[in-house]
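Topology and contacts: notes
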Amino acid sequence: MTRREEREQAFILLFEKSFNEETELSELYDLAVENEVVCGSDFVKNLAFKAWENVADIDATIEKYSVGWKINRISKVALAVLRLAICEIKYFDDIPVGVTINEAVELCKKYADLDVTKESIPVYPSVHFFMGGLAVGRDHKTSIDNLYAIGECASMYHGANRLGGNSLLAAIYSGQTAAKAITQLAEHTEDTAHPDFAAYIAAQEETLHTQLSSKSPFSAVYIRYEIAKLMNESLGITRTETKLLEGIQSVEYYLSISEKLSYDADVSPYIVYSLRPMLLLARAILTSALARKETRGAHIRQDYPERSDAFARCSICQYQNGEHRISYTEEDEL
């Protein structure tokens, strides 16, 4: 295996780590070696682990020269390439700087379709916080028996916009509230048999097996990038009916082929498996934004620039029989 190929494998590990922040790099590395995604050479391991060990220092260097832009607005591909290149320059004296720069250029060409010798690394608007989430009551119970939602995935504490700094408090309070409700429920509930998920698990395993065996020319990783691109275009800072409808149409097309996509051996099976849920969530958000014909908080419609009292309620999106349905309710009714 060439040094270029080994460097590319180190890049893949850093890129994968950006999607799995809570998973130790050593665990991702062992999984990648086990599935033959990376070769397990000393150079791959040393480079990837050195970069992540010093990621705070490396990111500080990136932010120093990214004047006016925060690091979380740089695409994950570009960020992984930058981290790898800066790591080599700062900590691997035996690698010529010119080689490192040339290899970074090639990685950008291959994975970001970007020639950094002619174009600047793009900086995009980023999603900082997910407002809304699963509809819950005051005890954080959802409409599904024994399912509770807390923290950022729950809809409880944010309306049309979000107060900065509230996320930690919301996570702590919602966790305590749900735990108390679950404890009280358990104290007054007789032991019951656990639900049997065997059939569901078998069906999901079969779906994943089909995806991993697909010979389709479409790559799941490519479609994930396309989802990010179309959501940025259709559901950006300002929205219009035309753009939202175009986004819904694109998502529905990707849904129609989502279970036929090919598996990229350079990434984990989760990337493939999680694609359809991502598409369903994307369509739910687009459908909700299309239905809300007003401007309120972070939802800005160019074609409906004024706030409407008719929409002074929470949007509820339900997924039934393959369709997303939108209704509205007062927050106290959740």
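Everything in this summary refers to the structure shown in the same document. Note that the structure is predicted; figures quoted are calculated from it, not measured.

If you tally the helices and strands in the protein, you get twelve helices and four strands. Taking the principal axes of its C-alpha atoms as reference, the protein extends roughly 65 × 55 × 40 Å. By the burial criterion, 38% of the 334 residues in the protein qualify as buried. Partitioning the intrachain contacts of the protein with sequence separation of at least 6 by distance along the chain shows that 61% fall at a separation of at least 24. By element, 53% of the accessible surface of the protein is carried by carbon and sulfur atoms, the whole surface being about 20,200 Å². On the protein, the mean spot of the 34 positive side-chain charges and the mean spot of the 50 negative ones are 6 Å from each other.

A few words on a nonpolar patch on the surface. Together, Phe 197, Tyr 200, Ile 201, Tyr 270 and Tyr 273 give the surface a local cluster of nonpolar side chains, amounting to about 560 Å² of exposed area. Elements represented by at least two residues in the nonpolar patch include exactly α8 (198-212) and α11 (269-273). Summarising the element assignment, Tyr 270 is placed in helix α11.

Before going further, it helps to spend a moment on the environment of Ala 181. Mapped onto the secondary structure, Ala 181 falls in helix α7 (residues 166-187). With 42 residues separating them in the primary sequence, Ala 181 and Asp 139 have C-alpha atoms 6.1 Å apart. Once residues lying within four places of it in the same chain are set aside, the contact partners of Ala 181 are Asp 139 and Tyr 148.

Over its 17 residues, helix α12 (residues 275-291) runs 24 Å from end to end, which matches the ideal 24 Å to within 8%, given 1.5 Å per residue. Taken as a whole, α12 has its buried residues at Leu 275, Leu 279, Leu 280, Ala 282, Arg 283, Ala 284, Leu 286, Thr 287, Ser 288, Ala 289 and Leu 290.

What follows concerns the packing of helix α10 (residues 241-257) against α12. Think of two packed helices as two axes; the pair is described by the angle between the axes and how far apart they sit. At a closest axis distance of 9 Å, the pairing of α10 and α12 adopts a crossing angle of 160 degrees. Classified by the interaxial angle, the pair formed by α10 and α12 is roughly antiparallel. Relative to α12, the crossing made by α10 is left-handed. Here Glu 241, Leu 244, Leu 245, Gly 247, Ile 248, Val 251, Glu 252, Tyr 254 and Leu 255 of α10 lie close against α12, whose contacting residues are Arg 276, Leu 279, Leu 280, Ala 282, Arg 283, Leu 286, Thr 287, Ala 289 and Leu 290. Looking at side-chain class alone, the contact of α10 with α12 contains twelve nonpolar, two polar and four charged residues.

The next thing to look at is unusual backbone geometry. A positive phi is found at His 140, a non-glycine position, where the angle reads about 70 degrees. Assessed through its relative accessible area of 0%, His 140 is described here as buried. With a phi angle near 65 degrees, Asn 146 is a residue other than glycine that sits in the positive phi range. Here Asn 146 shows up in the loop between α6 (97-112) and α7.

Overall, the coordinates contain eight aromatic pairs when judged by the stated rule. Judged by centre distance (5.0 Å) and plane angle (75 degrees), the rings of Phe 15 and Phe 19 are edge-to-face. Placement of both Phe 15 and Phe 19 in helix α1 (residues 3-19) is noted, with a separation of four residues, approximately one turn of the helix. Overall, the relative accessible area of 35% leaves Phe 19 in the partly exposed class. Consider the rings of Tyr 29 and Phe 49, whose centres lie 5.7 Å apart with planes at 85 degrees: the pair is edge-to-face. One end of the pair, Tyr 29, is in helix α2 (residues 25-34); the other, Phe 49, is in helix α3 (residues 42-53), and 20 residues separate them in sequence. Given the relative accessible area of 7%, Tyr 29 is considered buried.

What follows covers a negative patch on the surface. Judged by side-chain charge, Glu 24, Glu 27, Asp 30 and Glu 34 come together as a negatively charged surface patch. Within the secondary structure layout, Glu 27 lies in helix α2. Of the residues examined, Glu 27 reaches a relative accessible area of 51% and is grouped as exposed.

What follows deals with the pairing of strand β3 (residues 314-320). The side chains of a regular strand alternate between the sheet's two faces. Looking at chain direction, β3 and strand β4 (residues 323-329) are connected through seven bridges and run antiparallel. Residue pairing in the sheet places Gln 318 in a bridge with Arg 325 of β4.

Quick notes on the rules
- Residues numbered from 1 in each chain as written.
- Predicted model: local features only at pLDDT ≥ 70, side-chain atom pairs only at ≥ 80, totals over all residues.
- Heavy atoms only, no water.
- Helix = DSSP H or I, 4+ residues; strand = E, 2+ residues; numbered from the N terminus.
- Buried < 20%, exposed > 50% of the residue type's maximum accessible area, 1.4 Å probe, protein only.
- Contact = heavy atoms within 4.5 Å.
- Areas by Shrake-Rupley, 256 points an atom, 1.4 Å probe, with all protein chains shown as cover.
- Lys, Arg positive; Asp, Glu negative; His and termini not counted.
- Charge placed at Lys NZ, Arg CZ, Asp CG, Glu CD.
- Patch = residues over 30% accessible without salt bridge, like charges linked within 9 Å, V, L, I, M, F, W, Y side chains within 5 Å.
- Salt bridge = Lys/Arg side-chain N within 4 Å of Asp/Glu carboxyl O.
- Expected span 1.5 Å × (residues − 1).
- Axes fitted to C-alpha atoms, helices over the stretch in contact; angles between N-to-C directions.
- Parallel < 35°, antiparallel > 145°, perpendicular 65-115°, else oblique.
- Left-handed = near helix turned anticlockwise from the far one by under 90°.
- Nonpolar A, V, L, I, M, F, W, Y, C, P; charged D, E, K, R; others polar.
- Phe/Tyr/Trp six-rings, centres within 6.5 Å; stacked < 30°, edge-to-face > 60°.
- Pairing = 2+ DSSP bridges.

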